[in-house]
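Listed here are the chains, written in short residue letters.
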Amino acid sequence: MKVFSSKNFIYFGFTFLFVIGLYFSKDFGISWDEHGHRKRGKQNIAYISRVLGLENFLPVPQHVKNPDIRVIGYGPMFEILCLASEKLFLIEDGKKIYQFRHKINFTIYFISAFILYLFLKLFFNSQVFGLIGAMFYLLNPRILAHGFFNPKDSISQAIIACAILPLFLTYRKKSISMSLISGLLVGIAITIRLPIIYIPFLFILLIIFRNFNDWSTFRIEVKNVKIIIYFLTASIISIFLCFPELWDAPIKKFQIIFGKLSHYQWAGNNLYLGKLIPAFNAPWHYIPVWIVVTTPITFLMVFIVGILKSFIDVINRRGKDYLFQTFMLAGFIVPIVIIAFIKSTLYNGWRHVFFIYPFIVFFMAYGFQIIYQWLSLKFTRNNTKILCGLIIITFSNPLFFIFSAHPNQHVYFNKFAGPDPLENFEGDYWAASMRQAVDWIAENDARNNINVLSPLNVAWKNNVMLNKNYRDKLNYLPIKPISLNSEIRKNDKNLSGDKIIKSPVSYFITNSRLEKEGYTLKSKNEVFSVNSGNLKLWTVYKDD
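Quantities reported herein were computed from a predicted structural model and do not represent experimental measurements.

Caption draft 1: Local environment of the pairing of strand S1 (residues 269–272). Pairing between S1 and strand S2 (residues 275–278): four bridges, direction antiparallel. Each bridged residue has a counterpart across the sheet, and for Asn 270 the counterpart in S2 is Ile 277. In sequence, S1 turns back onto S2 through a hairpin of two residues, with Leu 273 there showing a positive phi of about 55°.

Encoded structure:
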C-alpha cells in the first residue's frame, strides 16, 4: 500500500505513461471526420478574423469561407488550438500536421486523467483509489485509442473529466472561484457536444438541495444563489465565446444547432446485434448494449458493485457526500434515458456519449474500493497482496490488448459481443486503421501508377500519412454499393482532384461489414488484412 501511496511513484507513473503515449501517437491513422473538422477550424478562424476586423494581424485566404451553421454545429476550440500550434511550430507537411494533432488530442486526454485522479483522491480520501480510478480511465482500450484521434467525443469527455473536480469543490466548499472554473469548462464541453447541456441543470439542483434534510427546514442560502449565478454566467459566456457561429444571432442559431443535432440527419445503417438497422431507428437499448460489449468485463464487474452501493448510499443518505453521488449517478443515467426517450439518431457505437465515461469511472473506482475492503476484512494480514492481486486481475487483460492490438485498440470487444463481434457490431467505423492498408499497398507495389478503390473513397483520407515519396503513386476512386467490375472508365476522376485514372483497378479495400451493403467484388484475391487482435478490420484485394 505504501508504494502506491507514494507521491513520487504516482507522479513518475503519470509522467512515464504520458511519454509512452506521446511516442506511440505517431502510429494512428486519420479518422473519418478529422479532415472535415480541420477545415471547419479554418472557417471559424476566417470568421473570427472578419468579424473582429483582424485581417491585418490574422490574414486568411479569401477562398476560406465562413462556417455554414445550417450544415452542423461543433465548437471549434480544439481545431483552433491545433491550427495555432501548426503555425507556432511551423508544421507544414500533412503527415506531421496530423501526427501533431494526435499528440495534442492525447495531451488533453491525459491531463483530464490526472485531474480526474485528483478528484477521486479527494472524494475517497485515498491516493491509492484515486490512482486506481485513473487506471480505469486510461486503460479502457477503446476509450484510450479515441483519445488520440477523436477531436470531439474524446475532447468533450476530457473536459467533463476536468470539470468534475471544480464542480465537487464548489459543492463541498461553496467556492465561488471553483464555480467560475467549472462553469467555463462545462460551457466549452457543451459547444463540442450539445447534449452536455443537461449537466448545468443537474448541478443547479445539487446546489439548491445541498443542505436539504426535510421540507420543513428547507431554504436556499444566499451563498448558494451566488454560486448558481456565477456558474451559469461563466457557462453562458464560455458557450458564446467558444462558439463563433452563434455570435450574430445566439438564441436563433443555438436553437438551429440543437434541433439538428438532437435528430441528426444521417441516412446510414447500423450493424447492431447482427442486423442492419437505420440510424434513425436505433432501439432504446443501443447505448447500454454498446457500453456492455466494449468495456472490459472486469471493469463492468466493479462498476456494477460501485453503482449498486451508490444507490444504497443515496437512498439511506449515507456519507457526507451522498448528494454528490446522486449528481454522479444522474450524470451517467440522465443522457442515456433522454436519448432513448427522444429517439435520437444513433450510430458508430456509443462515442457520442463518451462524456459519461468519467461518471462511469467514478463507480468503477468505488466498486474496486468496496471489493478490496471486503477482501481485507476476510484476509486481514495480506492487504498489499490483495491490492496487487485485484489490480492484476482487473487490468491485465485490457493492458495486454492495448499492447498487442496497437494501433487498433479502438476496435475492442469483450466476450459478450459474441465469438465474432464484427458479425454483430460495427468495427472500424471511422476507418482510422485504413492507414495500414494504404501503407502496405504503397510499400509493396513498386509501380508508380496504382489505382485503389474503397467505399466512399475512404482510403484517400489517409494518403497524407504515407511517406512523401509514396503519396503521388496512388490514385483513389470511390465505389458505390453494388456488385463491382474491376474495369473503371478511363475518364473517371480521382476525388483528390489531381489525377486522371488511366489504368484498371489495382487494389480494392473493403470489409465484411461493408460487403453486407454491396461493397464487394465478383472475384477476390486477398493479399493483406488489417487486424485488431483476431478481428479482421479491412481486407485488401488485388486485381490480377
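Caption draft 2: A look at the sheet that holds strand S9 (residues 535–542). Read across the open sheet, the five strands follow the order S4-S3-S6-S9-S8; overall the sheet is mixed. At either margin of the open sheet sits one strand with a lone partner, and together these are strand S4 (474–479) and strand S8 (526–532). Adjacent strand axes in the sheet meet at a mean angle of 20°, parallel and antiparallel pairs treated alike. For strand S3 (residues 450–455) and S4, the ladder comprises six bridges, and the chain directions are parallel. Paired with Val 452 across the bridge in S4 is Tyr 476. Packed onto the sheet, helix H18 (residues 434–444) meets S3, S4, strand S6 (507–510), S8 and S9 and runs at close to 150° relative to S8.

Caption draft 3: Quick peek at helix H8 (residues 153–173). Between its first and last C-alpha, H8 extends 31 Å over 21 residues, near the 30 Å set by a 1.5 Å rise per residue. Along H8, the helix axis deviates most sharply at Ala 163, where the bend reaches about 25°; the proline Pro 166 sits within four residues downstream. In terms of residue burial, H8 counts as a mostly covered element, since 19 of its 21 residues are buried. Looking one or two residues beyond H8, the residue adopting positive phi is Lys 174, at roughly 55°.

Caption draft 4: Examining the pattern of salt bridges more closely. As enumerated under the stated definition, the model contains 20 salt bridges in all. Residue Arg 471 pairs with Asp 93 through a salt bridge whose shortest N-O separation is 2.9 Å. One end of the pair, Arg 471, is in the loop between S3 and S4; the other, Asp 93, is in the loop between helix H4 (77–88) and helix H5 (94–124), and 378 residues separate them in sequence. Here Arg 471 matches Asp 93 in class, with each residue buried. One salt bridge connects Lys 536 with Glu 526, and the closest N-O pair in it is separated by 3.1 Å. Separated by ten residues along the polypeptide, Lys 536 in strand S9 and Glu 526 in strand S8 bring together distant segments of the chain. For Lys 536, a relative accessible area of 36% corresponds to the partly exposed category.

Caption draft 5: Layout of the nonpolar core. Counting residues in hydrophobic clusters, the biggest one holds 147 residues, and the most contacted among them are Phe 119, Tyr 137, Phe 324, Phe 327, Trp 350, Ile 356 and Phe 359. If we ignore the near neighbours within four places in the chain, the residues touching Phe 359 are Ile 160, Ile 164, Tyr 198, Ile 199, Phe 327, Met 328, Gly 331 and Phe 332. Counting residues in each nonpolar core, the second largest holds nine residues, with Ile 45, Ala 46, Ile 48 and Ile 80 among its members.

Criteria and thresholds
- Residues numbered from 1 in each chain as written.
- Predicted model: local features only at pLDDT ≥ 70, side-chain atom pairs only at ≥ 80, totals over all residues.
- Heavy atoms only, no water.
- Pairing = 2+ DSSP bridges.
- Helix = DSSP H or I, 4+ residues; strand = E, 2+ residues; numbered from the N terminus.
- Axes fitted to C-alpha atoms, helices over the stretch in contact; angles between N-to-C directions.
- Contact = heavy atoms within 4.5 Å.
- Expected span 1.5 Å × (residues − 1).
- Bend = angle between axes of the 7 residues up to and from the residue.
- Buried < 20%, exposed > 50% of the residue type's maximum accessible area, 1.4 Å probe, protein only.
- Salt bridge = Lys/Arg side-chain N within 4 Å of Asp/Glu carboxyl O.
- Core = buried A, V, L, I, M, F, W, Y, C linked by side-chain atoms within 4.5 Å.

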